[in-house]
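This is what each chain is made of:
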Amino acid sequence: MGIQITPSILNADLAALGAEVGRIPSADWVHVDVMDNHFVPNLTLGLPVIESLKAHTDLPIDAHLMIEDPDRWAPAYAEAGCGSVTFHVEAAKAPVRLAREIRNQGARASMGLKPATPIEPYEDLLGELDMLLIMTVEPGFGGQKFLDLCLPKIRRARAMMDRHGVQTWLQIDGGISLDTIERCVEAGADVFVAGSAVYSASDPDAMVADLRARAESATP
Ligand code: DX5
Ligand code: ZN
């Protein structure tokens, strides 16, 4: 599949989301951060806003659910037409069943790990997942500093995927910028969320192109 850039609208003007998604036409996905004030200490938006947003963009929606009880709520995001739905393994009661439900609803199933959550216990689940999300900040807020301590986990996850021969995408979220994207590519990631880097740029779509070029030049 190659490198994909998925801007997060968390740092966009949330009162003008329809226009804001129009500023990133060359993105591969639009990443929407759903936070419930329980799994993370922040509250953003949910399904009704995503359903409205869909009418304003042709980009597929990459829903990142930072919520408690994803077993109950995540399938509805797939049913509503999100192209990819990420739940957090720290919150999921039955991640295998949940991933299968998301796939059955026609979306790509993705599982997220916070920085302190190891990948090793989930090695045998990789075949159930279309994407693995490794967070490189503590989830909850945009604009935080990239955590280099997550790089070895990215490397180990890529090695596991190679070993199992799966086609699972490896997404990185948190602190991605022109300064940090290359080391993630070198560690084996291929899908990049970028919030503040894209939406604090004067031309967000030019930043999408710059991030893509920087990542492609670092691709082995
Ligand atoms: C943080 C969110 C991220 C956030 C990234 O919990 O999951 O998607 O928008 O923002 P930056 O790129 O600014 O770290
Ligand atoms: Zn996110």
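A brief look at the structure comes next. (Residues numbered from 1 in each chain as written. Chains lettered and ligands numbered in written order. Predicted model: local features only at pLDDT ≥ 70, side-chain atom pairs only at ≥ 80, totals over all residues. Heavy atoms only, no water.)

Taken together, 20 residues form the shell around ligand 1, and within it Gly 140, Gly 143, Gly 175, Gly 195 and Ser 196 come nearest. Taking Gly 143, its main chain carries an N or O atom lying 2.8 Å from an oxygen atom of ligand 1. Note that an oxygen atom of ligand 1 is positioned 2.8 Å from one of the side-chain N or O atoms of Asp 173. Relative to its free-state accessible area of 380 Å², ligand 1 is covered by the protein chains to the extent of 100%. Elements that contribute at least two residues to the shell around ligand 1 include exactly strand 2 (30-35), strand 3 (61-66) and strand 8 (191-194). Here the shell around ligand 1 takes three residues from strand 2, the largest share from any one element. The class makeup of the residues in the shell around ligand 1 is eight nonpolar, 10 polar and two charged. (Near = heavy atom within 4 Å. Polar contact = N/O pair within 3.5 Å; in protein donor to acceptor, adjacent residues only side chain to side chain. Areas by Shrake-Rupley, 256 points an atom, 1.4 Å probe, with all protein chains shown as cover. Helix = DSSP H or I, 4+ residues; strand = E, 2+ residues; numbered from the N terminus. Nonpolar A, V, L, I, M, F, W, Y, C, P; charged D, E, K, R; others polar.)

Taken together, His 31 (NE2), Asp 33 (OD), His 64 (ND1) and Asp 173 (OD) make up the protein donors of the zinc ion (ligand 2), found 2.0 to 2.2 Å from the metal. What the six donor atoms of the zinc ion (ligand 2) show is an angle range of 72 to 169 degrees at the metal, which sorts the shape as octahedral. (Donors = N, O, S within 2.8 Å, 3.2 Å for Na, K, Ca; no water. Tetrahedral: all angles 85-135°; square planar, octahedral: opposite > 155°, others 65-115°.)

With that settled, the discussion passes to the side chain of Lys 153. Inspection of the secondary structure puts Lys 153 in helix 5 (residues 151-164). Although Lys 153 is buried, it forms no salt bridge, and the closest oppositely charged side chain is Glu 90 at an N-O distance of 6.7 Å. For Lys 153, the side chain forms a polar contact with the main-chain oxygen of Pro 115, separated by 3.1 Å. Apart from the residues within four sequence positions on either side, Lys 153 is in contact with Leu 113, Lys 114, Pro 115, Ala 116, Thr 117, Pro 118, Ile 119 and Ile 134. (Buried < 20%, exposed > 50% of the residue type's maximum accessible area, 1.4 Å probe, protein only. Lys, Arg positive; Asp, Glu negative; His and termini not counted. Salt bridge = Lys/Arg side-chain N within 4 Å of Asp/Glu carboxyl O. Contact = heavy atoms within 4.5 Å.)

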